[in-house]
Amino acid sequence: MLYSTSGMDWRPGGAPTIDNTSLIKQLTFIAIGGVVAVFLHYFDYRTLCKMSKYFMIIIGVMLLYLALANLLKKNLPFVRSIKGAYRWIRLGSLSIQPSEFAKIAIILFMADYYHRFNRHSGNFLRGFVYPSLPIAGIGILIIAGGSLSVTMITGALVVGLLFVCGVRMRYLAAVGALGVGLFALVAQISPERMRRITSFMDPEAVAQGEGYQLWNSLLALGSGGPYGRGFTESRMKLEYLPEAHNDFILSIVGEELGFLGLCVVIVLYLAFLYGSFKIAAEATDYRGMIVATGLGLGICLHGMVNIGVISGAFPTTGVTAPFLSYGGSSMLSALISVGIIMSVARESERAKLEGMEEFEETKY
Amino acid sequence: MLRTAYQTRIVFLGIFLATGFILLVGRLRVVQIERHHELNKKAKAKYTSRVKSVGIRGNIYDGTRIPSPNLLASSKVAYNLLAEPGKMGSRREEVIQKLSRLLAETDKKTLERRFYSGSQEVVVQNNVDPILVSRIQQMKLPGLRYVESSVRFYPKDSLLCHVLGYTTHEGSGASGVERVYDKNLQPQEGYLLYERSRRAHKVTNLDEQKPLDGKDIHLTVLEPIQSIVEDELDRLMKEVKPKACYAIMANPKTGAIMALAQRPHFNPNDRNTMKPQNYNPRFLVDVYDPGSTMKAISLAGVLEHNKNIGLGTPVYCENGMWYYGGRPLRDAGHNYKNLRFWEVIQKSSNIGTAKLALTIKRRQYDVLRKFGFGERTGINLGVESKGILWPEKYWSKLSYTRLPIGQGISVTPLQMVQAYGALANKGRMMQLHLVDKIYDPILDKSKYTHPIVKNMEVISPEAAAEMVEALKTVTKKGGTATQAAVPGYEVAGKTGTAQKVIPAVKDANGKVIQKAYYSDTVHVSSFIGFVPADDPEFVLYVVCDEPPYKFRYGGKCAAPYFKRISEQTLSFLNVQPTIKDKVSRK
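For clarity, every value in this text was computed on a predicted model and none was experimentally measured. (Residues numbered from 1 in each chain as written. Chains lettered and ligands numbered in written order. Predicted model: local features only at pLDDT ≥ 70, side-chain atom pairs only at ≥ 80, totals over all residues. Heavy atoms only, no water.)

Chemist: So what about a nonpolar patch on the surface? Which residues, and what values?
Modeler: On the surface, M51, Y54, I57 and V61 of chain A cluster together into a nonpolar patch covering about 400 Å² of accessible area. Within the element layout of this structure, I57 of chain A appears in helix α4 (residues 52-72). (Patch = residues over 30% accessible without salt bridge, like charges linked within 9 Å, V, L, I, M, F, W, Y side chains within 5 Å. Areas by Shrake-Rupley, 256 points an atom, 1.4 Å probe, with all protein chains shown as cover. Salt bridge = Lys/Arg side-chain N within 4 Å of Asp/Glu carboxyl O. Helix = DSSP H or I, 4+ residues; strand = E, 2+ residues; numbered from the N terminus.)

Right, dumping it as structure tokens:
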């Protein structure tokens, strides 16, 4: 139940610029997400895992379509550029961000794969290369869609899961080295981009340019102090801090509720982490373990990167705070994650109740 | 078992993530607690704003008590018209066209230059009249903004302009009363400190100080009398055509200035009329050798200090030419033999005055100092000259015969009024002052200027009374200023026809080519007197600077205007005539 309540943390006082329509919209998403979560709770995650390759294909097609729009720099049907990025597919008044759901698909896919082939997990080809190929494909499509940060988080998530699945550390180290190498390459090729990435270290110097958001975010956090200015008393949300209701909502939480408030948020994320990992450890099969770990990891990684971004520990990038930020896809995917994790928990509960405490080893 | 390995790795991953979160807590601690003060200050600077609010500058009134004071200077609401050319789009040219047609002070060229300067916001014109503003507003032009301001306004235009002065464009006093009493007139600025959104939406007020209006100044000058004086000066300028002229009227019993006017003058509402020769307050800064008007002062000193001399004492006037100290002294155009003391005054004999003054040789300097010469009057109207009166140790033998007739001493007109005020007030000299009271609208209290006795006894009342008797003869038959006589009233007065000093001319090496000398053609002609002579309502000094040669005598160019001003003023003040029968008026 902890997971469901954490979803209520979304605060209506986010910013006066969001009128009630966006609040209602978000509440609608929470309601839909809630229904979906309850449905998934009663749905067998194992079936989902078996269907994962179809999800991968659907997501892949959507991402391909977006990548196309991004490459052509043109509004294709169902695609609208929002702030120069093509990340959303519009269906009527709804807009969906496929990259948010790609993570879930990947996790389900990995769970399915490693459940079936966990004896090969130490193998280079079968344990590492084969499953990585479709995942890398999705990753490339997300990058092509112009969303580097989401790709990187997804990459970290995948590496984390590969570690859990027992893939050899040296392969993972190779992936890490590849990432670092790519980063160095980018830095070499384009010092301009590099400078933009590293500008987060001194946002005040570029407060009128790239550092604008971050500097205002730091001002918001700093003026919050240890105990905050008080609920709804934020000043920086008054058009000073852009995206105050979205990616930078935690800056406002920090301003209104202070260091203490953000510590509570971190504790909640840690609790979520603990809960999902506990469910993973008690899951009745490898699928459940991987699914619960991956989904918990995904949400916590997002939260972590978001807090890092708003406090200037990481380079500024558009990452939402799960359960808190405004955004349908983010909320929906978080609640879907909750639903699936609950489904894993339900399965182990049921096993416990029925006295079938034995772990279900993979049958070959 | 594989499962245990999975579980171990899950725990590892969990610990790894938890460590990350804990590191973030550390990072937040740095930002939120360690840098709290710094960042809070910078954030506050962003979202708090302070706006000034300005009160209204005090008014200046005249000294009329009943029915109510006349307003002489006031502030009225105006608007500063600002424009944001970037918001006008394609209508920019149209805006320039329409505004330049409506605003007289701003032409098309200036507007074009400002509108295309690339600035986000430019001033179109400051202090635009509200009526004009409403007309501009009706045209619904884009990108215009109006900021309330105030503009100084003088309802009587040029009346009393030299005393009132004027203000700068920013609204602080630049000269005259406006400047000297600027601290009193100036409103106290208020402010509002508030928190706002980035687009200037007010959220909460933190602190507010309401502006305080400035204090009102009530002058001693009476507007009706001032009008009379100014009308007469205008007439003088038209009829006599001197270079300049001025008139000062004061109440000898209190020292209050009743009128103070000067020509040429300016209109403080119209900056085009403000040229230095128009706005320089000459009655404060001009010094000149006063000539014969000084005789009454020096001879009053003789009456005071030489008890052997009375009004009837005869003095031999050397047939109009007297050598003393190796230089000749003449009685302009007259050859008097024996004159009595009062006749010396009446005929304004230079020789007679010099000889009489020599009898108190050593006291002359004291007398002049006591009458306030060589010293500022302290009227408090800005920069004031103190005239030139050399200490006695610098005097030559000649000085003792020339200073009493008003040569070799330079005075300001105000000093002269002050000295005659002492004569009129039975030897008691009052401090000249211009401000009657300062009214504080916030406390609803007035601070009055009480008359200050500057010198209890410049000369004894007896000596003063004797001198008044002598001065009465000046306007009578045989006197130098019969034209100054006011029917029905006794006038005590004295003419002055002073030759102007032509400054020395030096060559390029600083060597004097031509010494300074008294001109035969350029004069300062004046008449000073008080009415009614024995119980005076006012002292009036009318001065003509450089009148045409045929008007060079004070009795001719200043006296008639003295009479006209006095007549009207007495009638305005409802003063009972002192001479009842019709015959004696002639």
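That covers the picture; the talk isn't over yet.
Chemist: Account for empty space enclosed by the protein, with residues named and values stated.
Modeler: All names here are of chain A. Under the definition given, this model contains five cavities of 30 Å³ or more. Empty space within the largest cavity amounts to approximately 140 Å³. Around the largest cavity, the lining is made up of 14 residues, and of these K103, G298, I299, S333 and S337 lie nearest the centre. Of all elements in the fold, only α5 (98-117), α12 (286-310) and α13 (328-353) reach the threshold of two or more residues within the lining of the largest cavity. Residue classes in the lining of the largest cavity are distributed as six nonpolar, six polar and two charged. (1 Å grid on protein atoms, 1.4 Å probe; cavity = no way out; pocket = protein on both sides within 12 Å on 5 of 7 lines; lining within 4 Å. Points joined across faces, edges and corners; volume = space filled by probe spheres on them. Nonpolar A, V, L, I, M, F, W, Y, C, P; charged D, E, K, R; others polar.)

Chemist: Report on the nonpolar core, specifying residues and quantitative values.
Modeler: Core analysis: the biggest nonpolar cluster contains 126 residues, and L219, I257, F371, F373, Y420, L423 and M467 of chain B have the highest contact counts within it. Per element, the largest residue contribution to this core is eight residues, and it comes from helix α17 (residues 413-424) of chain B. Both domains that furnish three or more residues to this core are identified here as domain 1 (52-214) and domain 2 (223-573) of chain B. Once residues lying within four places of it in the same chain are set aside, the contact partners of M467 of chain B are A296, L299, A300, L303, F341, I345 and L423 of chain B. Core analysis: the next-biggest nonpolar cluster, separate from the first, contains 111 residues, A67, V167, A220 and M289 of chain A among them. (Core = buried A, V, L, I, M, F, W, Y, C linked by side-chain atoms within 4.5 Å. Buried < 20%, exposed > 50% of the residue type's maximum accessible area, 1.4 Å probe, protein only. Domains from an automatic or database assignment. Contact = heavy atoms within 4.5 Å.)

Chemist: Lay out the pattern of salt bridges with the relevant residues and their values.
Modeler: Residue and element names in this part refer to chain B. According to the stated counting rule, one finds 44 salt bridges over all chains in the structure shown. D436 is paired through a salt bridge with R65; the nearest N and O atoms lie 2.7 Å apart. Of this pair, D436 sits in strand β16 (residues 435-440) while R65 sits in the loop between β2 (60-61) and β3 (71-83), and the two are 371 residues apart along the sequence. The class for D436 is buried, based on a relative accessible area of 13%. Since its relative accessible area comes to 52%, R65 is described here as exposed. For R282, the salt bridge is made with D545, and the minimal N-O distance between the two is 2.5 Å. Taken together, the residues span a long stretch of sequence, with R282 in helix α11 (residues 282-285) and D545 in strand β23 (residues 538-545) at a distance of 263 residues. With a relative accessible area of 14%, R282 lands in the buried category. Ionic contacts of the salt-bridge type, sharing partners, join the residues K243, R282, D286, K500, D545 and E546 into one network.

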